[in-house]
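# Coordinates in review
The primary structure of each chain is shown beneath.
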Amino acid sequence: MPRTCLTTPIYYVNDKPHIGHAYTSLAADVLARWKRLSGHEVFFLTGTDEHGQKVEKAARDAGEEPQAFTDRVSQAFRDLTATMGFSNDAFIRTTEPRHRHACQELWRRLAARGEIYLGGYEGWYAVRDEAFYGPDELTERDGVRYAPSGAPVEWVTEPSYFFRLSAWQERLLEFYEANPGFIAPASRRNEVIAFVKAGLQDLSISRTSFRWGVPVPGDDAHVMYVWLDALTNYITALGWPEEGEAWRFWPADVHFVGKDILRFHAIYWPAFLMAAGLEPPRRVFAHGWWTNEGQKISKSLGNVIDPVELVERFGLDPVRYFLLREVPFGQDGDFSRAGLVNRTNGELADVLGNLANRTLTLIAKNLDGRLPAPAAPGRALGEALSGLPARVGAHLDAQEFHLALEAIFAAARAANVDITEQAPWALRKTDPARMAVVLRQLHDALRVLGTVLQPFMPGTMALMLDQLGVPAGARHLGALDAPLPEGHPIGTPAPLFRKVEA
């Protein structure tokens, strides 16, 4: 059985989840569900990043001990996975003992290979990003220097262990050349390559100015740099370093990340892994950022989008659909409630929901709720459905979620044209045999649509497949080759989507 490993970033627990967290995990969830439908064995990982100076400060500001603080905030991210219907197979926390064990073993292997040395560090550090920046990357306003992310930086001087990142510059460039699909989309790949070609400096990988982290083996005065700690989660969750049963899923097929953390995943992470004698992941995909009604999202503006509130207001599956339909994954996009309303009403309710309800109601009333004999679709509908699962799969393998949905809804629109032109309600009186053929064609089309839409809208498509009478064991992609028999009963028709007001 083929295997697929997909990961989200582990989310930083200095605040509650927002729309960006839901967006990244949703993409991973849809691809994981698709691969399962395709017969793959899947390991889908998410979790929380719980160490570092920023978390230590957030806990102090909240009047809590760091562990109690991370326990509370991490649970909010677990709750989000349930609210959004994510199908992750594991949830990793970096405060787990198994993770400390994996981090320290990775450190030991890097040290044994001569990849780490002790020195001193002076440089510009952004607490918010947990990252160091060069002087040429900074901007200055009102006497304060800022990182490219907008985070203020401070000058840090302290002893530090270093990873010999500079020694990996040419090897990383060779790796990118040999693996052109490693960084996606292409525009992000170009950015990373340009950054590496400009020259890599050795990387500070320990701190002494705070204590909330994984201790450096053999030197408790230092804790590990939070990104060396955090990135290790991907192999911790698969049972490294013992390399037990779950280790067969490594290397990961896709790390889904936001564009702000691409450098850590596309430069530092493969260098750490290769330096330790481990395989790097196969792909890192960096998606864009959302704005809110044209405004940059920020806590100071009070316009942070709460995914839980969206689900309560609009329903889970319309929100899942909208987030991956509205904007090409990889590009920045603007969140608009009017857009969500229009997609829900115009596409989900009118195009898909209305098609299903009309077709199934006609079968229930005119054919005693049982399927007529299988019938090949007409030319236009047949062309729209032909190879649809393969086209959807190709788009999802390229993380082109919006194109996968466009292909599906092009077929749904073709089916709507077909039902309008064929008018099976009129054929009932003039040509009942033809009516039966048309309704069977439409039923088969709906079965395909419901099957391929399951990863995007699992709850609603389960209801739709129930109404279509598709058995639970026949809802995977391979089952589409076996038509349901003549006389097979359908379920009770009912509206699938409720229209919402702007």
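Refer to the preceding data block for the structure.
What comes next concerns the included structure.

What counts and how
Residues numbered from 1 in each chain as written. Predicted model: local features only at pLDDT ≥ 70, side-chain atom pairs only at ≥ 80, totals over all residues. Heavy atoms only, no water. Helix = DSSP H or I, 4+ residues; strand = E, 2+ residues; numbered from the N terminus. Rg over C-alpha atoms; globule rule 2.2 N^0.38 Å. Buried < 20%, exposed > 50% of the residue type's maximum accessible area, 1.4 Å probe, protein only. Contact = heavy atoms within 4.5 Å. Areas by Shrake-Rupley, 256 points an atom, 1.4 Å probe, with all protein chains shown as cover. Lys, Arg positive; Asp, Glu negative; His and termini not counted. Charge placed at Lys NZ, Arg CZ, Asp CG, Glu CD. Salt bridge = Lys/Arg side-chain N within 4 Å of Asp/Glu carboxyl O. Pairing = 2+ DSSP bridges. Axes fitted to C-alpha atoms, helices over the stretch in contact; angles between N-to-C directions. Parallel < 35°, antiparallel > 145°, perpendicular 65-115°, else oblique. Phe/Tyr/Trp six-rings, centres within 6.5 Å; stacked < 30°, edge-to-face > 60°. Core = buried A, V, L, I, M, F, W, Y, C linked by side-chain atoms within 4.5 Å. Right-handed = clockwise from strand over helix to strand, strands pointing away. Polar contact = N/O pair within 3.5 Å; in protein donor to acceptor, adjacent residues only side chain to side chain.

### As for the overall build of the protein
Within the protein, the secondary structure is distributed over 18 helices and 18 strands. Computed over the C-alpha atoms, the radius of gyration of the protein is 26 Å, within 12% of the 23 Å expected from 2.2 N^0.38 for a compact globule of 502 residues. Taken along its principal axes, the extent of the C-alpha atoms in the protein is 90 × 45 × 40 Å. Scored against the burial criterion, the 502 residues of the protein give a buried share of 58%. Taking contacts inside the protein between residues at least 6 apart in sequence as the whole, the part at least 24 apart equals 77%. With an accessible surface of roughly 20400 Å², the protein has 51% of that area assigned to carbon and sulfur atoms. Taking the average location of the 52 positive side-chain charges in the protein and that of its 61 negative ones, the two points are 5 Å from each other.

### Digging into the pattern of salt bridges
Any two side chains of opposite charge can pair, so long as their charged atoms come close to each other. For the coordinates displayed, the defined rule picks out 29 salt bridges. We note a salt bridge from Asp61 to Lys57, for which the minimum N-O separation is 2.9 Å. Linking Asp61 with Lys57, this pair stays in helix 2 (residues 53–61), spanning 4 residues, or about one helical turn. Asp61 sits in the exposed class, given a relative accessible area of 56%. By relative accessible area, Lys57 is classed as partly exposed at 42%. Residue Glu140 is joined to Arg145 by a salt bridge in which the shortest nitrogen-to-oxygen separation is 3.9 Å.

### Some points on helix 18 (residues 458–468)
Every buried residue belonging to helix 18 is among Pro458, Thr460, Met461, Met464, Leu465, Gln467 and Leu468, and all of these are buried. Elements that come into contact with the buried residues of helix 18 comprise helix 1 (19–37), helix 11 (316–325), helix 12 (337–366) and helix 17 (432–452). Of the residues trailing helix 18, Gly469 is marked for its positive phi of about 80 degrees.

### Let's talk about the environment of Leu200
Mapped onto the elements of the fold, Leu200 is located in the loop between helix 6 (186–197) and strand 10 (203–204). Relative accessible area serves as the criterion here: at 6%, Leu200 is assigned to the buried category. Separated by 153 residues in the primary sequence, Leu200 and Gly353 have C-alpha atoms spaced 54 Å apart. When near neighbours in sequence (up to four residues on either side) are disregarded, Leu200 contacts Leu165, Ser166, Gln169, Leu172, Phe195 and Ile267.

### Digging into the sheet that holds strand 13 (residues 219–224)
Across the sheet, which stays open at both edges, the 3 strands sit in the order 11-13-12 with antiparallel pairing between neighbours. What marks the edges here is a single partner per strand, and that holds for strand 11 (206–207) and strand 12 (215–216). Where strand 11 lies against strand 13, 2 bridges are found, and the strand directions are antiparallel. Across the sheet, the residue bridging to Arg207 is Val223, located in strand 13.

### Digging into the pairing of strand 3 (residues 90–93)
Burial along strand 3 is two-sided: Ala90 and Ile92 facing one way and Phe91 and Arg93 facing the other are all buried. Pairing between strand 2 (residues 41–49) and strand 3: 4 bridges, direction parallel. Its bridge partner being in strand 3, Thr46 is matched across the sheet by Phe91.

### A few points about the sheet that holds strand 2
Reading across from one edge, 3-2-1-14-15-9 is the order of the 6 strands in this open sheet, with parallel pairing throughout. A single partner strand is all that each edge strand has here, and the edge strands are strand 3 and strand 9 (183–184). Strand direction decides the pairing type here: strand 14 (residues 254–258) and strand 15 (residues 284–287), joined by 4 bridges, are parallel. Its bridge partner lying in strand 15, His255 is registered against Val284. Strand contacts of helix 3 (residues 66–83): strand 1 (3–12), strand 2 and strand 3, with the helix running at about 160 degrees to strand 3, the strand carrying the most contacts.

### Description of the packing of helix 11 against helix 15 (residues 401–422)
In contact at an axis separation of 8 Å, helix 11 and helix 15 are set at 115 degrees when each is read in the N-to-C sense. Taken together, the axis directions place helix 11 and helix 15 in an arrangement best described as roughly perpendicular. Contacts between helix 11 and helix 15 involve Tyr321, Leu324 and Arg325 from the former and Phe401, His402, Leu405, Glu406 and Phe409 from the latter.

### Examining the packing of aromatic side chains
Evaluation of the coordinates by the stated rule reveals 23 aromatic pairs. Between Tyr11 and Phe77, the ring centres sit 5.8 Å apart and the planes meet at 15 degrees, which makes this aromatic pair stacked. Residue Tyr11 is found in strand 1, and its partner Phe77 is found in helix 3; the two are separated by 66 residues along the sequence. Ring centres of Trp227 and Phe264 lie 4.1 Å apart, and the angle between their planes is 0 degrees; this geometry places the pair in the stacked category. Here Trp227, found in helix 7 (residues 226–231), pairs with Phe264, found in helix 9 (residues 262–275); they are 37 residues apart in sequence, far enough to count as distant.

### Let's talk about the nonpolar core
Ranked by size, the top nonpolar core spans 89 residues in total, and within it Leu352 and Phe456 carry the most contacts. Contacts of Leu352, omitting those with residues within four sequence positions, involve Glu347, Phe409, Leu446, Leu449, Leu453, Met457, Met461, Met464 and Phe497. Membership of the second largest hydrophobic core comes to 87 residues, among which are Val196, Trp227, Tyr234 and Ala276.

### As for the pairing of strand 1
Among the 10 residues that make up strand 1, 9 are buried, leaving the element largely enclosed by the rest of the structure. Here 8 bridges tie strand 1 to strand 2, and the two strands are oriented parallel to one another. Bridging from a neighbouring strand, Ile10 pairs with Gly47 of strand 2. What joins strand 1 to strand 2 is helix 1, and the crossover it makes is right-handed. Taken together, the 2 bridges between strand 1 and strand 14 define a ladder with parallel strand orientation. Bridging from a neighbouring strand, Thr7 pairs with His255 of strand 14.

### Topic: the environment of Lys16
Position of Lys16 among the secondary structure elements: in the loop between strand 1 and helix 1. With 299 residues separating them in the primary sequence, Lys16 and Gly315 have C-alpha atoms 21 Å apart.

### Some points on the side chain of His265
Relative to the assigned elements, His265 resides in helix 9. With a relative accessible area of 1%, His265 lands in the buried category. From its side chain, His265 meets the backbone oxygen of Ile261 in a polar contact 3.0 Å long.

Honestly, it's all geometry; don't read function into it.
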